[in-house]
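Summary of the model geometry
Here's the letter readout for the chains.
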Amino acid sequence: MITLGIETSCDETAAAICKDGNILTNIVSQQIIHKNFGGVVPEIASREHEILLNKVVHTSLREAKIQLNQIDAIAVTQGPGLTGALLTGVSFAKGLGLGLGVPVIPVNHLEGHIFANFLAEPALEYPFVCLLVSGGHTQLWYIEGMEQYSLLGETRDDAAGEAFDKGARIFGLGYPGGPAIERKAHGGDSTKYHFPRILLSKDSLDFSFSGLKTSLLYFMDDFTETKSISLSDIIASYQQAIVDTLVEKTRRAMDQTGAKRCIIAGGVAANQCLRDRLNVILPDKDMLFPDFSLCTDNAAMISYLGQLKYQSNFFKKLDFSVIPNLKLV
Ligand code: KG4
Ligand code: ZN
């Protein structure tokens, strides 16, 4: 079975080809225009998808050496995401699906991030805990099978990705903030300054990052670089506070559920400091991290999960619309 995947939930225009569970091509065009604004501008994102989508889809087909008439199904992100951005992808998928006479499968973007881990490890066994950390979501899930998801905890305010992005803005670094902070933190001393780790009550699996961002704002008001404390020390200390919070909550979730396996999903999973720290704190657990290219937004995860849903009869109906605040359960 050959499935074309399309992802346009935010500022990546992406297409991928999945053949019998294997990814043949994974094309991602990141819309660099948003760098000028320090964040994603929804209307511009939709217009850019309109411009880029046709080319990205054709590149994914050409590089996979697949003709349009060989496609058996199209999987497309239904939500969550920006309304206009989602609509460009879904309209394109529906038009193409109708023209080719093939089914169009709606895919939940968050579920896509989780299932990217099966591309990293096809033999991954249930149950497992998932730390889902993206630009809009920070959640801990207990996953016992497809569509058997229990929410263990989530952020009460900012997502971890937002903490990176807003922090980067305060530091005067570019967008997206996560990779910029990771680069600048390199070589910095993460113990030079103690930013708060908001852990809430003793057993809580919820997160809160807004206080951390405020404390950085106040700190930077008074900060002048000296010989003994450099900006990269501060950036490394800020990154460490986010990472320590994520790691501690994940450790608690593993303790409370007794799970042996833990997977990490979403853009923040690309952070090497987070990966290293999780391995140190949970040495006796099976930790799984997808390839860097499968952590941030991509259509490989959408094509793979769409195909899986279709083949496992989880696929419901054709007449769907976008759902900007789509939940996992
Ligand atoms: O999953 P994703 O690509 O898009 C959403 O679904 O939101 O996640 C984007 C988020 C952004 O906030 C970005 O700053 C963060 O992931 N991110 C990182 C890294 N790469 C991307 N955060 C920390 N370290 C990274 N290397
Ligand atoms: Zn995402």
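Attention in this report is confined to the structure presented alongside it.

Calculation notes
Residues numbered from 1 in each chain as written. Chains lettered and ligands numbered in written order. Predicted model: local features only at pLDDT ≥ 70, side-chain atom pairs only at ≥ 80, totals over all residues. Heavy atoms only, no water. Donors = N, O, S within 2.8 Å, 3.2 Å for Na, K, Ca; no water. Helix = DSSP H or I, 4+ residues; strand = E, 2+ residues; numbered from the N terminus. Buried < 20%, exposed > 50% of the residue type's maximum accessible area, 1.4 Å probe, protein only. Near = heavy atom within 4 Å. Polar contact = N/O pair within 3.5 Å; in protein donor to acceptor, adjacent residues only side chain to side chain. 1 Å grid on protein atoms, 1.4 Å probe; cavity = no way out; pocket = protein on both sides within 12 Å on 5 of 7 lines; lining within 4 Å. Sits in = over half its atoms within 2 Å of the grid points. Nonpolar A, V, L, I, M, F, W, Y, C, P; charged D, E, K, R; others polar. Points joined across faces, edges and corners; volume = space filled by probe spheres on them. Salt bridge = Lys/Arg side-chain N within 4 Å of Asp/Glu carboxyl O.

Thoughts on the coordination of the zinc ion (ligand 2)
Surrounding the zinc ion (ligand 2) are the protein donor atoms His109 (NE2), His113 (NE2) and Asp297 (OD), which sit 2.0 to 2.1 Å from the metal. Sequence spacing of the donors to the zinc ion (ligand 2): H-x3-H-x183-D. Here His109 is found in helix H3 (residues 109–120), whereas its partner Asp297 is found in the loop between helix H9 (292–295) and helix H10 (300–311), with 188 residues between them in sequence. The exposure classification of His109 matches that of Asp297, with both residues buried.

Details of the site of ligand 1
Taken together, 20 residues lie around ligand 1, and Gly135, Asp165, Gly178, Glu182 and Gly267 are the ones closest in. One of the side-chain N or O atoms of Asp165 is found 2.7 Å from an oxygen atom in ligand 1. Glu182 has a polar side-chain atom sitting 2.7 Å from a nitrogen atom of ligand 1. Placement of ligand 1 is best described as lying within the largest pocket. Mapped by element, the contributors of at least two residues to the shell around ligand 1 are H3, helix H4 (160–171) and helix H5 (177–185). In terms of residue count, the dominant contributor to the shell around ligand 1 is H5 (4 residues). Classifying every residue of the shell around ligand 1 gives 5 nonpolar, 12 polar and 3 charged.

So, the layout of surface pockets
Space inside the largest pocket adds up to approximately 1000 Å³. Every residue lining the largest pocket is counted, 39 residues in all, and those nearest its centre are Ser134, Gly135, Gly136, Asp165 and Tyr175. Listed by contribution, the elements that provide at least two residues to the lining of the largest pocket are strand S3 (22–30), H3, H4 and H5. Tallying contributions element by element places H4 first for the lining of the largest pocket, with 6 residues. Here the residues of the lining of the largest pocket sort into 14 nonpolar, 17 polar and 8 charged.

Observations concerning the pattern of salt bridges
In the structure shown here, the tally under the stated rule is 14 salt bridges. In this structure, the salt-bridge partner of Lys309 is Glu111, at a minimum N-O distance of 2.7 Å. Of this pair, Lys309 sits in helix H10 while Glu111 sits in helix H3, and the two are 198 residues apart along the sequence. The salt bridge involving Asp158 is made with Lys166; its shortest N-O contact spans 3.2 Å. Owing to a relative accessible area of 7%, Asp158 belongs among the buried residues under this scheme. One network of salt bridges, in which partners are shared, links Asp158, Glu162, Lys166 and Lys213.

Spatial relationships are all this shows, so hold off on functional conclusions.
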